[in-house]
Amino acid sequence: MALISMHARALARHLTKFTSNHSQSRQNLITSALSSGCASGSILKTTPGNLGIVVCVDSLRASGEISMWSATAISHRQLHNTVNLQARARPASGRKDDRKSTQAEYDSNTQLSNPFASLFGNKDSDKASGTRESTQGFQPAHFKQEVSLEERIERSQLKTLEDKETQRYVAKVFQTAGSTIGVATATSVASISLGVMVTPWIPALASIVPLFMFYNTTEATNPTYRKALVGTFTALSGFSLAPLLSYAVHVNPMLVPMALGGTTLIFLGASGAALLAPRASMLRFGTLLGGGAMVLMGASLFGIGQYAMTGAVSPMLFSFTLYGGLGLMTCFVAYDTHNIIEEYKAGSRDYLRHSLDVFINFMGIFRRLLYILTMRED
């Protein structure tokens, strides 16, 4: 009881700061209520505005003692349970009619049990009011309405392929890309069959020249000249791939079909994901991907120089160009899927440049997959 009285005095001192405009008799009433308690299950309320206190007392009639919780230990949950007990004690016929009054009584008692609620707000009452508002049609600001599959498709890049002209242009681009892959494959097979193979970095560096020349041309440039540049670049790319193909076939003849199948799956997966994405959403990553390509090219040139001088390449640099390049080429597949369609919609008809982009992505993924499979097999 001494501990309870100490808590009561402490609480009375705190209440004095907020009830300076009330009479001393009110303070005496609160202190008296805390000291004496009340009957079991009852609620004592003193309600000068928002101030007051709720004391729940359990009367131990058998022992002749009155046990009282300290007011500072009364939680909102205990108070809620007390109100529910009182509500269940009413007759069944009156529960439905008294539901609103019980809720109002609980809200009032919850506020009374916390004299600081007027300053810092009542979280329970806020939650309750928010729940009631939401049942009346109110939706929080962070609520996101679900979008149906039809609406997603309507906003996706796939919607742009409903145009027949766009379909024919995309088909032409991929047919031309298939032709360039065929040229590279024929060059590789001829190089292996004839035994004419050199260090891969020599034709790789040489292929940069026709590639740079091609990207400096436009649609108005002589088509034959542009096709010759594309053919030269793809042939040199196949020539640089011949040593890796020869070694992979020597290790396991199934590695080449596995790498080809894996490349096709990655290509189809990235293109399919790009078509289901919102229209032109991948184009904003163009600058980032271009910067990544420059970094990858610089790392590759550095690796070539390191190999030429020392006969070996740093394992960290090798892993970066291998796995980082695989991820970058996959991202470029998704980017070029949007870029080809959007440039066509904007009036571009440069199918040679678009097909060359597809070829570079395909060869970049195939070369790295084949190297990874060969390393694991060897």
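Residues numbered from 1 in each chain as written. Predicted model: local features only at pLDDT ≥ 70, side-chain atom pairs only at ≥ 80, totals over all residues. Heavy atoms only, no water.

Undergrad: An account of the nonpolar core is needed here, citing residue identities and associated values.
TA: Of all hydrophobic cores here, the largest spans 40 residues; its most connected members are Leu 356 and Leu 370. Elements with a contribution of two residues or more to this core: α9 (164-194), α10 (201-215), α11 (223-251), α12 (255-276), α13 (286-310), α14 (315-345) and α15 (351-377). At 12 residues, α15 tops the list of elements feeding residues into this core. If we ignore the near neighbours within four places in the chain, the residues touching Leu 356 are Leu 211, Phe 214, Tyr 215, Val 230 and Phe 233. (Core = buried A, V, L, I, M, F, W, Y, C linked by side-chain atoms within 4.5 Å. Buried < 20%, exposed > 50% of the residue type's maximum accessible area, 1.4 Å probe, protein only. Helix = DSSP H or I, 4+ residues; strand = E, 2+ residues; numbered from the N terminus. Contact = heavy atoms within 4.5 Å.)

Undergrad: I'd like a rundown of the pattern of salt bridges, residues and numbers included.
TA: The full count for this structure, using the stated rule, is 8 salt bridges. Note that Glu 162 and Lys 159 form a salt bridge whose closest N and O atoms lie 3.1 Å from each other. As a salt-bridge pair, Arg 279 and Glu 342 come within 2.8 Å of each other at their nearest N and O atoms. Linking Arg 279 in the loop between α12 and α13 with Glu 342 in helix α14, this pair joins segments that are 63 residues apart in sequence. On the accessibility criterion, Glu 342 (16% relative accessible area) is buried. Through salt bridges with shared partners, one network takes in Arg 226, Glu 343, Asp 350 and Arg 353. (Salt bridge = Lys/Arg side-chain N within 4 Å of Asp/Glu carboxyl O.)

Undergrad: Help me get a handle on α10, residues and values and all.
TA: Given 3.6 residues to a turn, an α-helix orients residues that are three or four positions apart in the same direction. In a regular helix each residue adds 1.5 Å, so 15 residues correspond to 21 Å; α10 covers 21 Å between its end C-alpha atoms and thus fits that length. Burial in α10 covers these residues: Pro 203, Ser 207, Pro 210, Leu 211 and Phe 214. Looking straight down α10, one finds its buried side chains confined to an arc of 105 degrees; they lie on one side. Elements in contact with the buried residues of α10: α11 and α15. (Expected span 1.5 Å × (residues − 1). Arc of directions from axis to C-beta.)

Undergrad: Lay out the packing of α10 against α15 with the relevant residues and their values.
TA: As a packed pair, α10 and α15 sit with axes 11 Å apart at the nearest point and diverge in direction by 145 degrees. The chirality of how α10 crosses α15 is left-handed. On α15, the residues that touch Leu 211, Phe 214 and Tyr 215 of α10 are Leu 352, Arg 353, Leu 356, Asp 357 and Ile 360. For the contact of α10 with α15, a count of residues per class yields 6 nonpolar, no polar and 2 charged. (Axes fitted to C-alpha atoms, helices over the stretch in contact; angles between N-to-C directions. Left-handed = near helix turned anticlockwise from the far one by under 90°. Nonpolar A, V, L, I, M, F, W, Y, C, P; charged D, E, K, R; others polar.)

Undergrad: Quick one: what's the story with unusual backbone geometry, residue by residue and with numbers?
TA: With phi around 60 degrees, Ala 280 is a residue other than glycine that occupies positive phi space. Mapped onto the fold, Ala 280 is located in the loop between α12 and α13. On the accessibility criterion, Ala 280 (26% relative accessible area) is partly exposed.

Undergrad: Requested: an account of the side chain of Ser 348, with residues and values cited.
TA: In this fold, Ser 348 is placed in the loop between α14 and α15. Judged by relative accessible area, which is 14%, Ser 348 ranks as buried. For Ser 348, the contacting residues outside a window of four places in its chain are Tyr 169, Glu 219, Glu 343, Arg 353 and His 354.

Undergrad: Pulling in residues and values, what's your account of the confidence of the model for the chain?
TA: Of the residues in the chain, 61% have a pLDDT of 70 or more, and the chain-wide mean is 74. pLDDT under 50 marks residues 92-97. Its contacts with residues more than four places away, or in other chains, come to 3 contacts. The model gives residues 108-139 a pLDDT under 50, and that stretch makes 38 contacts with residues more than four places away or in other chains. (pLDDT = per-residue confidence, 0-100.)

Undergrad: Before we move on, can you summarise the packing of α11 against α15 with the specific residues and values?
TA: Running from N to C, α11 and α15 cross one another at 10 degrees; their axes reach a closest spacing of 10 Å. Considering the angle they form, α11 stands roughly parallel to α15. For the contact of α11 with α15, the per-class residue count stands at 17 nonpolar, 4 polar and 5 charged. (Parallel < 35°, antiparallel > 145°, perpendicular 65-115°, else oblique.)

Undergrad: Residues and numbers for the packing of aromatic side chains, please.
TA: Taken as a whole, this structure holds 7 aromatic pairs when the rule is applied. Judged by centre distance (6.3 Å) and plane angle (85 degrees), the rings of Phe 332 and Tyr 335 are edge-to-face. Of this pair, Phe 332 and Tyr 335 are both found in helix α14, 3 residues apart, which corresponds to roughly one turn of the helix. Like Phe 332, the residue Tyr 335 is buried in the burial classification. Pairwise contacts between aromatic rings join Phe 174, Phe 267 and Phe 362 into one cluster. (Phe/Tyr/Trp six-rings, centres within 6.5 Å; stacked < 30°, edge-to-face > 60°.)

Undergrad: Give a description of α14 that names residues and reports values.
TA: If you check α14, its first and last C-alpha atoms are 44 Å apart, about what 31 residues at 1.5 Å a residue would give, namely 45 Å. Remark: the principal bend of α14, roughly 25 degrees, maps to Gly 325. Backbone geometry just after α14 places Gly 347 at a positive phi near 115 degrees. (Bend = angle between axes of the 7 residues up to and from the residue.)

Undergrad: Any chance you could break down the environment of Glu 377 for me, citing the residues and the numbers?
TA: The topology assignment puts Glu 377 in helix α15. On the basis of relative accessibility, which here comes to 44%, the residue Glu 377 falls in the partly exposed class. Sequence separation of Glu 377 and Asn 252 is 125 residues, and the distance between their C-alpha atoms is 7.7 Å. Ignoring sequence-local partners within four residues, the contact set of Glu 377 consists of Val 251, Asn 252 and Leu 255.

Undergrad: Got a sec to walk through a nonpolar patch on the surface? Specific residues and values, please.
TA: Together, Leu 205, Ile 208, Val 209, Phe 212, Met 213, Tyr 225, Met 297 and Leu 301 make up an exposed nonpolar region whose accessible area comes to about 710 Å². Of all the secondary-structure elements, those providing two or more residues to the nonpolar patch are α10 and α13. If you tally residues by element for the nonpolar patch, the top one is α10, at 5 residues. (Patch = residues over 30% accessible without salt bridge, like charges linked within 9 Å, V, L, I, M, F, W, Y side chains within 5 Å. Areas by Shrake-Rupley, 256 points an atom, 1.4 Å probe, with all protein chains shown as cover.)

Undergrad: Lay out the side chain of Asp 336 in plain terms, naming residues and giving numbers.
TA: Position of Asp 336 among the secondary structure elements: in helix α14. Arg 353 provides the closest opposite charge to the buried, salt-bridge-free Asp 336, at an N-O distance of 7.3 Å. Not counting the four nearest positions on each side in its chain, Asp 336 is found in contact with Asp 357 and Asn 361. (Lys, Arg positive; Asp, Glu negative; His and termini not counted.)

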